[in-house]
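Close look at the chain arrangement
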Amino acid sequence: MMLPAAITSDELFMKTLERTLTIVKPDAVRRNAIGDIIEQFEKRGFRILAMKMLEISKHQAEHFYAVHAHKSFFNSLTDFMSSGPIVALALEKENAIADLRQLMGATNPASAEEGTIRKKWGSSIERNAIHGSDADDTARFELSFFFAGYELAQ
Ligand code: UDP
Ligand code: MG
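Residues numbered from 1 in each chain as written. Chains lettered and ligands numbered in written order. Predicted model: local features only at pLDDT ≥ 70, side-chain atom pairs only at ≥ 80, totals over all residues. Heavy atoms only, no water.

Most peptide bonds are trans, and most residues other than glycine sit at a negative phi. Positive phi, normally seen in glycine, also occurs at Asn32, with a value near 60°. Tracing the chain through its elements places Asn32 in the loop between α2 (26–30) and α3 (34–43). One non-glycine residue with positive phi stands out, namely Asn95, at about 60°. Here Asn95 lies in the loop between β3 (86–94) and α6 (96–104). Taking relative accessible area as the criterion, Asn95 reaches 28% and is therefore assigned partly exposed. (Helix = DSSP H or I, 4+ residues; strand = E, 2+ residues; numbered from the N terminus. Buried < 20%, exposed > 50% of the residue type's maximum accessible area, 1.4 Å probe, protein only.)

Put into structure tokens, the structure is as follows:
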């Protein structure tokens, strides 16, 4: 393949350092899975930039999941996400957004691949143990939802 002179093949395949937002959901916290899930992040090379355990209100859950406001599962999802403690983490790694989605597995744990967090800890399409940002722009919104600038300045 001919490449424009200004772009080397190295640059084409270069990975960029990315940040993403993950949440250990209330079902996984209840099942004592926090430690196991964090261990998997570290073993896969994600750097933990910031982390907090908290509970969010129904209203805060509706704001976080606003993109799903028109979906049939929105009311139940936001009840669930505000039903108990969660752990929010800001993670950094090359290709973090896609790599986290891969480590999480499919939304429905029943169809998630072996070795994924949702396969191991998820119990239903709603109670699927973990959240992960799905793109650059959603990662930015979701990181700033849970963390202030000073908490990510490292
Ligand atoms: N969800 C649900 N029912 C569905 C689809 C999704 O309860 O049919 C919940 C589930 O907890 C999921 C979240 O809504 O993680 C957000 O849905 P999305 O399609 O963004 O899935 P994700 O990006 O989390 O894999
Ligand atoms: Mg999503």
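Moving on from the model shown.
The full set of residues close to ligand 1 is Lys25, Tyr65, His68, Phe73, Leu77, Arg101, Thr107, Arg118, Ile125, Glu126 and Asn128. A distance of 2.8 Å separates an oxygen atom of ligand 1 from a polar backbone atom of Glu126. Side-chain polar atom of Asn128 to an oxygen atom of ligand 1: 2.9 Å apart, as the coordinates give it. Starting from 500 Å² of accessible surface for ligand 1 in isolation, the protein chains cover 81%. When its residues are assigned to classes, the shell around ligand 1 shows four nonpolar, three polar and four charged. (Near = heavy atom within 4 Å. Polar contact = N/O pair within 3.5 Å; in protein donor to acceptor, adjacent residues only side chain to side chain. Areas by Shrake-Rupley, 256 points an atom, 1.4 Å probe, with all protein chains shown as cover. Nonpolar A, V, L, I, M, F, W, Y, C, P; charged D, E, K, R; others polar.)

Before going further, it helps to examine the packing of aromatic side chains. This structure, assessed with the given rule, holds six aromatic pairs. Where Phe64 meets Tyr65, the ring centres are 5.0 Å apart and the plane angle is 90°; that geometry is what we call edge-to-face. Take Phe64 and Tyr65: they sit in the same class, and that class is buried. For the ring pair Phe64 and Phe145, a centre distance of 5.3 Å and an interplane angle of 65° mean the geometry is edge-to-face. Of this pair, Phe64 sits in helix α4 (residues 58–64) while Phe145 is found in helix α8 (residues 136–146), placing the two residues 81 residues apart along the sequence. You can call Phe64 buried: its relative accessible area is 4%. Positioned over the ring face of Phe46 is Lys93, at 5.4 Å from the centre of the ring. (Phe/Tyr/Trp six-rings, centres within 6.5 Å; stacked < 30°, edge-to-face > 60°. Lys NZ or Arg CZ within 6 Å of the ring centre and 35° of its normal.)

The antiparallel open sheet is built from four strands, whose spatial order is β2-β3-β1-β4. This sheet does not close on itself; its edge strands, each paired only once, are β2 (47–54) and β4 (130–132). Sheet twist, expressed as the mean angle between neighbouring strand axes with direction ignored, is 20°. Relative to β4, strand β1 (residues 17–24) is paired through three bridges, and the arrangement is antiparallel. Bridged to Val24 within β4 is Ile130. (Pairing = 2+ DSSP bridges. Axes fitted to C-alpha atoms, helices over the stretch in contact; angles between N-to-C directions.)

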